[in-house]
Amino acid sequence: MLRWMIKSLFMEPLTLVVAIASAASAFLLIILFEGIFAGESEQIVAYVRNVKADVWVMQRGVSNMHMATSYIPDWKVRQVRELPGVAGVEAILYLNTVVEVGDQRWFSYVVGLEVPSNYAGPWAMAQGKAQPSVGEAVVPEVFADMTRLGIGDTLRVTDRELTIVGLSKETFSMANSVIFVNKIDLEDIMSSFDIASFMLVKSGPDVSPTELVGAIEDAVEKVHALTASQFLQNDRRLAMQMGTETIALMTTIGAALAILLVAFTIYSQVMRQRRELSVAKALGATNRSLYISVALQAVGITLASVIVASITAAALLPALSNFIPAVTMILTVASVAKIAILGLFVAITAALLSARQIARLDPASAFQT
Amino acid sequence: MKEKVVLQAENLVKTFGSGHTEVRAVDDVSLSLKQGELVLVMGPSGSGKTTMLSILGGLLRPTSGQVFIDGTNISALSESKLPMIRARSVGFIFQAFNLLDALTVEENILFPARLIRGGQKEAAVRAADLIERLKLGPRRTALPQTLSGGEKQRVAIARALINAPPLILADEPTGNLDSTSGQEVMMILHDIARDEGRSIILVTHDPRVEDVADRILWLEDGALRDRKAEKHAWVRDPVCGMRVDEWTAQLSSTYEGQSYHFCAQRCLERFEEEPTRYVKCSPGEQDRTASSGAIN
């Protein structure tokens, strides 16, 4: 029975290819949405992930960086610096704001660095210098390409014109790019002096980050300290939460599209095969065996679609990243596994839609000429 | 020794619709079929032959009455049990062959065997034997679309026999065949009944088949009746020259106001392509055989 069903599918190879390609397109859309979301989520936390701090210290009540505001007076920074087990502290000032370039506006993390900075600044440079002096800025290379800016050009952060002196790598995201400026400029922009937003603390060789967190919170009042991994986890969770509903909606639309396409293919196949299915029933095939065969047809088409979509996505992602550098995409095994499970649901739903047609087939119609 | 009854039908009635639109397609039909018997069911179009065949094969439930196949009352069986009865106990042969297009000759023959659990090796041996006997060896891996009408019907016969059912139900098995292939198919069915002891019910309009039948039943208005002598009016198929019963012939064509009757679709198609070739010099009337009337 199964052999018959499979061979029947291949009787019209063009129809089969179109069906697989159509369903694969729907799955590919889902994979790309997920890939973009995963990539962008990772880019949102790029700064937290890449700077070399062991412990992050911030205002009490704050537990992440994305979209957050934190103020710590300078004297508390000095307090932390003097604690035993602390190998280094770099204080940054931080502002979520819109950066204007011509008539374009970009939401950005603006990080004010105490220069010279050892580990709180850009971690990879494409061009220019990494340590911005007063009146200077380091911007993402992708950002500069998109806005047609280069070293020596200016951009505006709120009311301040800054000259671009360096182009950093891995710091661009559609949601928020990271722009580095001198802390003095940012203090001036924010009219907030003698404060920091976050302390990036390096632990000494004999102290673990967890021990240091406890020591800082015991010694310095009204601050919140987190290990770098906890802080990253908090930011990543927040980034994921922000897009979950959108991605869920996109996945639902993609899945519905795939269900429609696979169901239409299976339904068409059943309708085309009505006569042969009636003959099979007349010869002794049960409804159950026909359902199973049709369901397996659906699973076969869907599985092929998922494989085609996954291979296409794997081939497309690097090319897309080169072609559209503004978009960061990540294809994960979890994402493919999720699509495969979704595919199974699609196949079963599509097969169920044809079950009624099979049940209603009259075996006696095999006698009709 | 008492001959085994393979099929017993008792007071079968099948009605469609209700009230003013009620049609009694099968009307109180009773019949029995012994092992090895080949019974012809004839009758005019719309007389209920195919409906009766569907009921006898467990494809359609009668409104009332009972059908026993090999002693099992199939009318009392649930829907879920009927497919297995059809697969094991009944072999179907259709006018339109009804082979599965995607499967090869051998796979088509083995199809009903694969609907039954176990015995696949034995079925493969039987299939090989049937392929040999029905001269399908060179076509074993061919797809149905590449077969001639006669070959298709031989495949359908082999498929009907693969599970060695005691009962074969054939609906117009020669209806889509030319005279030579039709004759060949009839001889195969005759041999199956005589040599293998299979019981065959054969619905047909083809009067040539009468020669091989053990019994002939006449179905009219859904009921079995005595066939009247005047029910035959033999004429010759203008294409192949075979005799055709003018009154029951299913394939007819009109040319220059005159009706012509044909033994097979192929003859009809040839006639319609070039009627002047076959009408010749006597367009007024289709050549009639020496006598009109019933045979046997």
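Residues numbered from 1 in each chain as written. Chains lettered and ligands numbered in written order. Predicted model: local features only at pLDDT ≥ 70, side-chain atom pairs only at ≥ 80, totals over all residues.

K.L.:
Explain the overall build of chain B to me, please; I cannot follow it from the model alone.
P.N.:
Looking only at helices and strands, chain B features eight helices and 14 strands. Split into buried and exposed, the 296 residues of chain B put 45% on the buried side. A fraction of 70% describes how many contacts in chain B between residues 6 or more apart in sequence connect residues 24 or more apart. (Helix = DSSP H or I, 4+ residues; strand = E, 2+ residues; numbered from the N terminus. Buried ≥ 20, exposed ≤ 12 C-beta atoms within 10 Å, placed from the backbone. Contact = placed C-beta atoms within 7 Å.)

K.L.:
Help me out: how do you make sense of the overall build of chain A in this one?
P.N.:
For chain A, the helix and strand inventory stands at eleven helices and twelve strands. The buried share of chain A, taken over its 369 residues, is 44%. Partitioning the contacts of chain A with sequence separation of at least 6, the portion at a separation of at least 24 is 81%.

K.L.:
Please explain the interface of chain A and chain B as it appears in this structure.
P.N.:
Accessible area lost on assembly of the parts is the figure often given for the size of an interface. Contacts between chain A and chain B engage 17 residues on the former and 23 residues on the latter. Every element with two or more residues in the side of chain A that touches chain B is listed here: α1 (2-11) and α9 (274-283) of chain A. Across the side of chain A that touches chain B, the residue classes tally to eleven nonpolar, four polar and two charged. (Nonpolar A, V, L, I, M, F, W, Y, C, P; charged D, E, K, R; others polar.)

K.L.:
Help me out: how do you make sense of the environment of leucine 113 of chain A in this one?
P.N.:
Residues and elements named next belong to chain A. Mapped onto the elements of the fold, leucine 113 is located in strand β4 (residues 104-113). C-beta crowding within 10 Å serves as the criterion here: with 24 such atoms nearby, leucine 113 is assigned to the buried category. Residues leucine 113 and leucine 186, 73 residues apart in the sequence, show an inter-C-alpha distance of 8.8 Å. Setting aside residues up to four positions removed in sequence, leucine 113 forms contacts with Ile92, Ala120, Gly121, Pro132, Phe180, Asn182 and Lys183.

K.L.:
Sorry, what's going on with the sheet that holds strand β6 (residues 90-93) of chain B here?
P.N.:
Across a sheet, paired strands are connected by hydrogen bonds in the backbone, their directions being either parallel or antiparallel. All names here are of chain B. Strand order in this open sheet of six strands is β6-β7-β8-β3-β9-β10, and the pairing throughout is mixed. Each edge of the sheet is formed by a strand with only one pairing partner; in this case those strands are β6 and β10 (223-225). With strand direction ignored, the average angle separating the axes of adjacent strands in the sheet is 25 degrees. Pairing geometry for strand β3 (residues 38-42) and strand β8 (residues 199-203), over four bridges, is parallel. Paired with leucine 38 across the strands is isoleucine 200, a residue of β8. Docked against the sheet, helix α6 (residues 179-196) engages β3, β7 (167-171) and β8, running at close to 150 degrees with respect to β8. (Pairing = 2+ DSSP bridges. Axes fitted to C-alpha atoms, helices over the stretch in contact; angles between N-to-C directions.)

K.L.:
Would you mind going over the environment of asparagine 182 of chain A with me for this structure?
P.N.:
All names here are of chain A. Topologically, asparagine 182 is positioned in strand β9 (residues 177-182). Residue classification places asparagine 182 among the buried residues on the basis of 23 C-beta atoms within 10 Å. Linking asparagine 182 and glutamate 114, residues 68 residues apart in sequence, is a C-alpha distance of 6.5 Å. Apart from the residues lying within four places of it in its own chain, the contact partners of asparagine 182 are Gly112, Leu113, Val115, Pro132, Ser133, Val134 and Glu136.

K.L.:
What's the story with helix α5 (residues 149-161) of chain B in this structure? I'm lost.
P.N.:
Residue pairs spaced three or four apart in an α-helix point in one direction, given the helix's 3.6 residues per turn. With 13 residues, α5 of chain B extends 19 Å between its outermost C-alpha atoms, agreeing within 8% with the 18 Å of an ideal straight helix rising 1.5 Å per residue. Against the buried residues of α5 of chain B lie β6, α3 (105-110), α4 (120-133), β7 and α6 of chain B. (Expected span 1.5 Å × (residues − 1).)

K.L.:
Can you walk me through the sheet that holds strand β4 (residues 64-69) of chain B in this structure?
P.N.:
Residues and elements named next belong to chain B. Strand order in the open sheet formed by four strands is β2-β1-β4-β5, and the pairing between neighbours is antiparallel. Either end of the sheet is taken by a strand with one partner, and the two such strands are β2 (23-34) and β5 (72-73). Inspection of the sheet shows β4 paired to β5 by two bridges, in the antiparallel sense. The residue of β5 that forms the bridge with isoleucine 69 is threonine 72. Set on the sheet, helix α1 (residues 49-56) makes contact with β1 (5-16), β2 and β4; between it and β1 the angle comes to about 125 degrees.

K.L.:
I would appreciate a short explanation of the pairing of strand β1 (residues 55-59) of chain A in the present structure.
P.N.:
The side chains of a regular strand alternate between the sheet's two faces. Residue and element names in this part refer to chain A. Burial analysis of β1 places four of its five residues in the buried class, which makes it a mostly covered element. As defined by bridge partners, β1 adjoins strand β11 (residues 198-203) across three bridges and the pair is classed as antiparallel. In the sheet register, tryptophan 56 faces β11, and the bridge partner there is leucine 200. Pairing of β1 with strand β12 (residues 223-227), which is carried by five bridges, proceeds in the antiparallel orientation. Pairing of methionine 58 across the sheet is with histidine 224, part of β12.

K.L.:
Looking at this structure, I do not really get the packing of helix α10 (residues 287-323) of chain A against helix α11 (residues 333-360) of chain A. What am I missing?
P.N.:
When two helices pack together, their arrangement is given by the angle between the helix axes and by the axis-to-axis distance. Interaxial distance between α10 of chain A and α11 of chain A falls to 8 Å at its minimum, and their mutual angle equals 145 degrees. For the pair α10 of chain A and α11 of chain A, the crossing hand works out as right-handed. (Left-handed = near helix turned anticlockwise from the far one by under 90°.)

K.L.:
Before we go on, may I ask you to explain the confidence of the model for chain B in this structure?
P.N.:
Close reading of the predicted structure is inappropriate where its pLDDT is low. Residue and element names in this part refer to chain B. Confidence in the prediction of chain B, expressed as mean pLDDT, is 84, and 91% of residues score 70 or more. Considering only residues more than four positions removed or in separate chains, one finds that residues 289-296, a stretch of pLDDT under 50, has 18 contacts. Of the two predicted TM-score estimates for the complex, the pTM is 0.67 and the ipTM is 0.75. (pLDDT = per-residue confidence, 0-100.)

K.L.:
What is the right way to read the nonpolar core from this model?
P.N.:
The nonpolar side chains of soluble globular proteins are, as a tendency, buried together. Counting 130 residues, the largest nonpolar core has Ala23, Phe27 and Val262 of chain A together with Ala158 and Leu202 of chain B as its most contacted members. Those residues in contact with valine 262 of chain A that sit more than four places away from it in its chain are Ala23, Ala298, Ile301, Thr302, Val346, Ala347 and Ala350 of chain A. (Core = buried A, V, L, I, M, F, W, Y, C linked by C-beta atoms within 7 Å.)

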